[in-house]
Amino acid sequence: MSDKKSDATDAGADTALREAALEYHRYPVPGKIQVVATKALTTKKDLSLAYSPGVAAASELIAADPLEVSNMTARGNLVAVITNGTAVLGLGDIGPLAAKPVMEGKGVLFKKFAGIDVFDIEIDEKDPQKLIDIIASLEPTFGGINLEDIKAPECFKVEAALKQRMQIPVFHDDQHGTAIITAAAMINALHILDKSIEDVTLVASGAGAAGIACLEMLVSLGLRHENITVCDHHGVIYKGRDKDIEPRKEAFARPTDAVKTLAEAIVGAEVFLGVSVGGVLSKEMVATMVERPIIFAMANPSPEIRPEDAMQVRPAAIMATGRSDYPNQVNNVLCFPFLFRGALDVGATAINTEMELACVYALAELARKEAGDLGAAYGNENLSFGPDYLIPKPFDPRLLAHLAPAVAQAAMDSGVATRPIADMAAYNEKLNQFVYRTGLLMKPIFDAAKADPKRVVFAEGEETVVLRAVQTIVDDGLAVPILVGRPSVITNRIERLGLRITPGEDFEITNPESDPRFRQYWQTYHRINARKGISPDTAKAIVRTRNSVIAALMVECGEADALITGVVGRYRKKLEYVIDVIGRFPGCATLGSMAVLSTDHGSIFITDTHVNEDPDAETIADITLMAAEKVRLFGIKPKVALISHSAFGSHTDTSATKMSKALELIRQRDPELEIDGEMPADMALSEFYRKLVLPESSLHGRANLLVMPNLDSAHIAFNLARVLTEGVTIGPILMGGGKPAHVLSPSATVRRLVNMTAIAVVEAQQFGMATPGCQPQLKI
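Right, let's walk through the structure included here.

Reading the values: rules and limits
- Residues numbered from 1 in each chain as written.
- Predicted model: local features only at pLDDT ≥ 70, side-chain atom pairs only at ≥ 80, totals over all residues.
- Heavy atoms only, no water.
- Helix = DSSP H or I, 4+ residues; strand = E, 2+ residues; numbered from the N terminus.
- Rg over C-alpha atoms; globule rule 2.2 N^0.38 Å.
- Buried < 20%, exposed > 50% of the residue type's maximum accessible area, 1.4 Å probe, protein only.
- Contact = heavy atoms within 4.5 Å.
- Pairing = 2+ DSSP bridges.
- Axes fitted to C-alpha atoms, helices over the stretch in contact; angles between N-to-C directions.
- Phe/Tyr/Trp six-rings, centres within 6.5 Å; stacked < 30°, edge-to-face > 60°.
- Parallel < 35°, antiparallel > 145°, perpendicular 65-115°, else oblique.
- Left-handed = near helix turned anticlockwise from the far one by under 90°.
- Nonpolar A, V, L, I, M, F, W, Y, C, P; charged D, E, K, R; others polar.
- Core = buried A, V, L, I, M, F, W, Y, C linked by side-chain atoms within 4.5 Å.
- Polar contact = N/O pair within 3.5 Å; in protein donor to acceptor, adjacent residues only side chain to side chain.
- Salt bridge = Lys/Arg side-chain N within 4 Å of Asp/Glu carboxyl O.
- Lys, Arg positive; Asp, Glu negative; His and termini not counted.
- Patch = residues over 30% accessible without salt bridge, like charges linked within 9 Å, V, L, I, M, F, W, Y side chains within 5 Å.
- Areas by Shrake-Rupley, 256 points an atom, 1.4 Å probe, with all protein chains shown as cover.
- Expected span 1.5 Å × (residues − 1).

1. Side note on the overall build of the protein chain
Then step 1. Within the protein chain one finds 30 helices and 21 strands.
Then step 2. Relative to a compact globule of 780 residues, whose C-alpha radius of gyration would be 28 Å, the protein chain shows 31 Å and is just as compact.
Then step 3. Dimensions of the protein chain, computed from C-alpha atoms along their principal axes, come out at roughly 95 × 75 × 50 Å.
Then step 4. Burial status across the protein chain gives 52% buried among its 780 residues.

Structure representation (structure tokens):
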């Protein structure tokens, strides 16, 4: 492609991005943030507690003990993102008003990635001392201060003064956030090259706030001053130079003016660190570096040199940029949400060097671990440690639970924590529950599975999502995995994905192309299905070609305790293959499925989402009783609502009558179950609306198990709720099978596979204790 065509393509893309960004900010309401109340305010009593006179009690408590402010108010989770608009992104001094969309965006990132609330504050003040005084006066309001887009050198003075005056964390992200990410990437780049930071030579382009902070951080890691050469727009910084020298620049000045230009300085250099402007590093300059240099070209939007240009002359170079369309993006979102999360959670009075270094090392360590379920968020990119994966991706769900505890521990160890965390394991668990909203719901299941792991066979053992899930399952000790698949494909994919699991040690492989049990399996399949028109030859063909059948036969023959399938293919077909082998639970002719939706407002169980198209009253009764037992499996008391358009007999059509009859059958079979119906969904979820129609309803509070009249309504309701609430799903959970087995869907994630494996293990543990019928007594 010619340069003109390339420029035209870039211009078109920029125009499209601009229009999309304006649309994003304008609709459905202007801006990106809002303030949402965390307490109810629906009654006169609520008003008296939230404001006068009840609020006085909270104020009196804080006056007596100022540390109580974090227990009585939102201050302990509230950060101010503050700018004066003098150095906004690549736009320069555009003023505080034009900076507001950027600050709102920063607030969204704090909330999304770490659950931290933010007020963005844009201050119309360029005088550094006045700016310092204004910000310092805000200390009673906030638990932390994030300075943003304040130009150098004023930003140095502002941050230093605020750190001295304020007893809360103050952090200039443009400096230290960039420095932390850069340092983590540098640690891993040097690790790949087997070099020590104390020995490498580094040339830097850019001596602004971010550039100097990066250098200071690298020096704290061991980089020697004598091995550093720094260039700004005047050339090499050296002692005695009379142009644009301020104290932090002077700390990196070369002793003489032996070299004066970037081109001269770069000769023989091992590392280039660019935080300056696009295009300053040419291919000719790169050609004078060592054979395998480290080049961090982080200017935005145009790097100091594009990776493809650098690779032409140094194809083995290890590169990082500030752009998301190249590997190793140095993106500050990898740092600031998690740094503040750890600092706020221990009531830190500052963010010090120890906390920043803890964040650096935690980031570097995380990149060297397998990336789990992350590939799908990045176009199925291969995310395993190496030259193209030096630092984690921003949407890596492990960042919060890996970085925040490291920062919190460093704060405690360095003496700046006012609220030390006594139980770090519990703290880690709490953070994981924020990231994986199913965490709290699944905890009793995970605990039970770990206590007695069972053999779980995965029918689609070659699939990437399964292999990543198996890594987590092995790490957490949830099960003993068995993978159905070709050994060569499985081992090659494990290597390509950078996973640590080993066949024969961490899991077993059943090879569908060659297994000594083939005769036993096809004969078993024929024996089970001979009266369904399955001949011996057909049985052989099916067992050779259908991995789900092989997995089911392993469970049926006692060589596995449970199975997971459905990651590839159609649900109905996979269900048929499995049930043809394992059959139905003794005494129960009904199969059913249940899906779980975990949202910010709690967890809801919905049935039947996958199996029965239009069940009659007897089948609904079976499904309900099985689903109630599955709810108990999570340590939750089921509160059941039979859902209909009808409200307690207001309609007498076929659907409403069916649900009413099902209620009678269920109450006969399980009088102790808390259940009512038929009712609309709003009445199921709101006791207030339910009591308006039927004050004597036997269902109290909010229902947690919604039984739908047919598959259409269940499937539609579940998926609508999932999308509208951005809920996290578990399931589908198969009910009524003859052995523990679950058929998932092709949309299954690593997390869902892990969750369903734990459920299958607990079912396998208790399977021998189950009593016949459609109401097996399985308890955790």
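2. Some details on the side chain of S697
Then step 1. Within the element layout of this structure, S697 appears in the loop between α28 (687-693) and β19 (705-707).
Then step 2. What S697 contacts, discounting residues up to four positions off in sequence, is D676, R690 and K691.

3. A look at the sheet that holds strand β4 (residues 170-172)
Then step 1. Strand order in the open sheet made by the 4 strands is β2-β1-β3-β4, with parallel pairing throughout. Each edge of the sheet is formed by a strand with only one pairing partner; in this case those strands are β2 (117-122) and β4. With strand direction ignored, the average angle separating the axes of adjacent strands in the sheet is 20°.

4. Section: the packing of aromatic side chains
Then step 1. Scanning the entire structure with this criterion turns up 7 aromatic pairs.
Then step 2. Relative to F340, the ring of F110 lies with its centre 5.4 Å away and its plane at 75°, an arrangement referred to as edge-to-face. Placement of F110 in helix α5 (residues 96-114) and of F340 in helix α14 (residues 336-345) is noted, with a sequence separation of 230 residues between them.
Then step 3. Residue classification places F110 among the buried positions, given a relative accessible area of 0%.
Then step 4. By relative accessible area, F340 is classed as buried at 0%.
Then step 5. Centre to centre, the rings of F688 and Y689 are 5.5 Å apart; their planes meet at 65°, and the pair counts as edge-to-face.
Then step 6. The class of F688 is exposed, set by a relative accessible area of 56%.
Then step 7. Members of the aromatic cluster, each reached through a chain of ring pairs, are F110, F171, F336 and F340.

5. Quick look at the packing of helix α15 (residues 353-367) against helix α16 (residues 399-413)
Then step 1. α16 packs onto α15 with a crossing angle of 150° between their chain directions and a minimal axis gap of 8 Å. Between α15 and α16, the angle is such that the two are roughly antiparallel. When you trace α15 past α16, the crossing you get is right-handed. Where α15 abuts α16, its residues E354, M355, A358, C359, A362, L363, E365 and L366 lie against L399, H402, L403, A406, V407, A410 and A411.
Then step 2. Its residues assigned to classes, the contact of α15 with α16 comprises 12 nonpolar, 1 polar and 2 charged.

6. Notes on the sheet that holds strand β6 (residues 228-232)
Backbone hydrogen bonds hold the strands of a sheet together, and the pairing may be parallel or antiparallel.
Then step 1. Taken in spatial order, the 6 strands make up an open sheet running β7-β6-β5-β8-β9-β10, and their pairing is mixed. Every other strand in the sheet has two partners, leaving β7 (235-236) and β10 (318-321) as the edge strands with one partner each.
Then step 2. As judged from the 4 bridges shared by strand β5 (residues 202-205) and β6, these two strands associate in the parallel manner. Bridge pairing links S205 to C231 in β6.
Then step 3. Relative to strand β9 (residues 294-297), helix α8 (residues 173-193) is tilted by about 160°, and along the sheet it contacts β8 (271-274), β9 and β10.

7. A closer look at the nonpolar core
Then step 1. I180, L202, L218, L273, F296 and M355 are the most contacted members of the largest nonpolar core, which totals 84 residues.
Then step 2. With residues near it in sequence (within four places) discarded, L273 still touches T182, L202, V203, A204, S205, C214, L215, L218, F296 and M298.
Then step 3. Counting 67 residues, the second largest nonpolar core, distinct from the first, contains F585, V596, I620 and L753.

8. Looking at the environment of T256
Then step 1. Inspection of the secondary structure assignment puts T256 in the loop between α10 (247-250) and α11 (262-265).
Then step 2. C-alpha separation for the pair T256 and G268, spaced 12 residues apart in sequence, amounts to 18 Å.
Then step 3. Reaching out from T256, the side chain makes a polar contact with the backbone nitrogen of A258 at a distance of 3.3 Å.

9. Some words on the pairing of strand β16 (residues 602-607)
Then step 1. Burial analysis of β16 places 5 of its 6 residues in the buried class, the great majority of the element.
Then step 2. Linking strand β15 (residues 592-599) back to β16 in an antiparallel pair, the connection comprises 2 residues.
Then step 3. Pairing of β16 with β19, which is carried by 3 bridges, proceeds in the parallel orientation. Paired with I606 across the two strands is L706, which belongs to β19.

10. Some points on the environment of A621
Then step 1. Summarising the element assignment, A621 is placed in helix α25 (residues 617-633).
Then step 2. Beyond its immediate stretch of four places on either side in the chain, A621 contacts A662, L665, I666 and R669.

11. Some thoughts on the pattern of salt bridges
Then step 1. Throughout the structure, instances matching the rule amount to 33 salt bridges.
Then step 2. Where D580 meets K532, a salt bridge forms, and the shortest distance between an N and an O atom there is 3.8 Å. A residue pair is termed long-range when its members are at least 10 positions apart, and D580 in helix α24 (residues 571-582) and K532 in the loop between α21 (518-529) and α22 (536-545) qualify at 48 residues.
Then step 3. Each member of the salt-bridge network shares a partner with another, and the members are K100, D120 and E122.

12. A few points about the side chain of D608
Then step 1. Following the sequence through the fold, D608 ends up in the loop between β16 and α25.
Then step 2. Of the side chains with opposite charge, R572 comes closest to the buried, unpaired D608, at an N-O distance of 7.2 Å.
Then step 3. Of note is the side chain of D608, whose polar atom sits 3.2 Å from the backbone nitrogen of H610.

13. Some points on a nonpolar patch on the surface
Then step 1. Among the surface-exposed residues, L41, L47, Y51 and V55 lie close enough to one another that they form a single nonpolar patch of about 410 Å² accessible area.
Then step 2. Tracing the backbone through its elements, the reader meets Y51 in the loop between α2 (44-50) and α3 (55-64).

14. Some thoughts on α24
Then step 1. Look at α24: 16 Å from first C-alpha to last across 12 residues, which is about the 16 Å you get at 1.5 Å a residue.
Then step 2. Judged by how many residues are buried, α24 sits mostly within the fold: 9 of 12 residues are covered.
Then step 3. Every buried residue of α24 is accounted for by Y571, K574, L575, Y577, V578, I579, D580, V581 and I582.
Then step 4. Elements in contact with the buried residues of α24: α21, α23 (547-556), β14 (562-565), β15, β20 (728-735) and β21 (741-743).
Then step 5. Immediately beyond the C-terminal end of α24, within one or two residues, lies G583, with a positive phi of roughly 70°.

15. Things to note about unusual backbone geometry
Then step 1. Backbone torsion omega between A152 and P153 reads 5°, so that peptide bond is classified as cis.
Then step 2. Note that the residue after G677, namely E678, is joined by a cis bond; omega there is -10°.
Then step 3. Here E678 is to be found in strand β18 (residues 674-679).
Then step 4. The phi angle at D149 is positive, at roughly 55°, despite the residue not being glycine.
Then step 5. Within the element layout of this structure, D149 appears in the loop between β3 (144-147) and α7 (154-165).
Then step 6. We note that F648 has phi near 55°; this positive angle belongs to a residue other than glycine.
Then step 7. In this fold, F648 is placed in the loop between β17 (639-643) and α26 (654-669).

Honestly, it's all geometry; don't read function into it.
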